[in-house]
Amino acid sequence: MQYPTAKEVRCERCKAVFTIPDVSVEVWNEIFELMRNDKRVMAVKLLADKSGPPGFANLGNAKATLFHFSRPGGVCVRCYSPLHEVGETKCAKCHSFNFSWSDRTVINPEETERTQ
Ligand SMILES: [Zn+2]
Ligand SMILES: [Zn+2]
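Quick look at the structure, then. Not measured: the values here are computed from a predicted model.

### As for the overall build of the protein chain
Stage number 1. Counting its secondary structure elements, the protein chain contains four helices and four strands.
Stage number 2. Of the regular secondary structure in the protein chain, the N- to C-terminal order runs β-β-α-α-α-β-β-α.
Stage number 3. Scored against the burial criterion, the 116 residues of the protein chain give a buried share of 28%.
Stage number 4. Long-range pairs, those at least 24 residues apart, make up 45% of the contacts in the protein chain between residues at least 6 apart in sequence.

### Quick notes on helix α3 (residues 56–66)
Stage number 1. Those residues of α3 that sit buried are N61, A62, T65 and L66. Relative to the axis of α3, the buried residues are bounded by an arc of 115° and lie together on one face. In α3, the exposed positions that point more than 90 degrees away from the buried face belong to F56 and A57.
Stage number 2. Looking at the buried positions of α3, the neighbouring elements they touch are β2 (17–19) and α2 (40–51).

### Here we look at the pairing of strand β3 (residues 87–90)
Stage number 1. Sheet analysis places β3 next to strand β4 (residues 97–100), joined by four bridges and oriented antiparallel. Its bridge partner lying in β4, G87 is registered against S100.
Stage number 2. Once β3 ends, the chain turns through six residues before running back antiparallel as β4, passing H95 with a positive phi of about 65°.

### Describing unusual backbone geometry
Stage number 1. Even without being a glycine, D38 presents a positive backbone phi close to 60°.
Stage number 2. Along the chain, D38 turns up in the loop between α1 (25–36) and α2.
Stage number 3. Unusually for a residue other than glycine, Y80 sits at a positive phi of about 65°.
Stage number 4. Mapped onto the fold, Y80 is located in the loop between α3 and β3.

### Some points on the environment of N98
Stage number 1. Relative to the assigned elements, N98 resides in strand β4.
Stage number 2. On the basis of neighbour counts, which here come to 26 C-beta atoms within 10 Å, the residue N98 falls in the buried class.
Stage number 3. C-alpha separation for the pair N98 and E88, spaced ten residues apart in sequence, amounts to 6.1 Å.

### Some details on the nonpolar core
Stage number 1. Counting residues in hydrophobic clusters, the biggest one holds 18 residues, and the most contacted among them are A43, V44, L47, L66 and F69.
Stage number 2. At the level of secondary structure, the elements contributing two or more residues to this core comprise α1, α2 and α3.
Stage number 3. Each residue touching F69, except ones within four places of it in the same chain, is listed here: M35, V77, F99 and W101.

### Considering the packing of α1 against α2
Stage number 1. Relative orientation of the contacting elements α1 and α2 amounts to 165°, with a least axis distance of 8 Å. Considering their axes alone, α1 and α2 lie roughly antiparallel with respect to each other. Seen along the crossing, α1 lies across α2 with a hand that is right-handed. Together, V27, E30, I31, L34 and M35 of α1 and R40, M42, A43, L46, L47 and K50 of α2 make up the contact between the two elements.
Stage number 2. Per-class residue counts for the contact of α1 with α2 are eight nonpolar, no polar and three charged.

What counts as what
Residues numbered from 1 in each chain as written. Chains lettered and ligands numbered in written order. Predicted model: local features only at pLDDT ≥ 70, side-chain atom pairs only at ≥ 80, totals over all residues. Helix = DSSP H or I, 4+ residues; strand = E, 2+ residues; numbered from the N terminus. Buried ≥ 20, exposed ≤ 12 C-beta atoms within 10 Å, placed from the backbone. Contact = placed C-beta atoms within 7 Å. Arc of directions from axis to C-beta. Pairing = 2+ DSSP bridges. Core = buried A, V, L, I, M, F, W, Y, C linked by C-beta atoms within 7 Å. Axes fitted to C-alpha atoms, helices over the stretch in contact; angles between N-to-C directions. Parallel < 35°, antiparallel > 145°, perpendicular 65-115°, else oblique. Left-handed = near helix turned anticlockwise from the far one by under 90°. Nonpolar A, V, L, I, M, F, W, Y, C, P; charged D, E, K, R; others polar.

What follows is the structure, encoded as structure tokens:
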């Protein structure tokens, strides 16, 4: 499993600039469990609750962060292309920033070529 580090990120695709919140591995594990079950909105709420004082900036960062996390199986959050790398990566097809957290990340060059 890959864990993100707290830092500012810029997405080339949507031009968003946001800060990945600083929370513990335990919290990330809870978030990944929600993401695996396709409960991204609940995951956003959890991340916002755990990462800082209530407010728009905190919720905005939580939302932007998790809406740039790969879908289960290691595919791009935006266009569903397989991602080559785990951790921070950029989708080869749509250039969207992705954080590929899944332990089942697709690393299959043939698959990638077909979808490009
Ligand atoms: Zn983006
Ligand atoms: Zn993509």
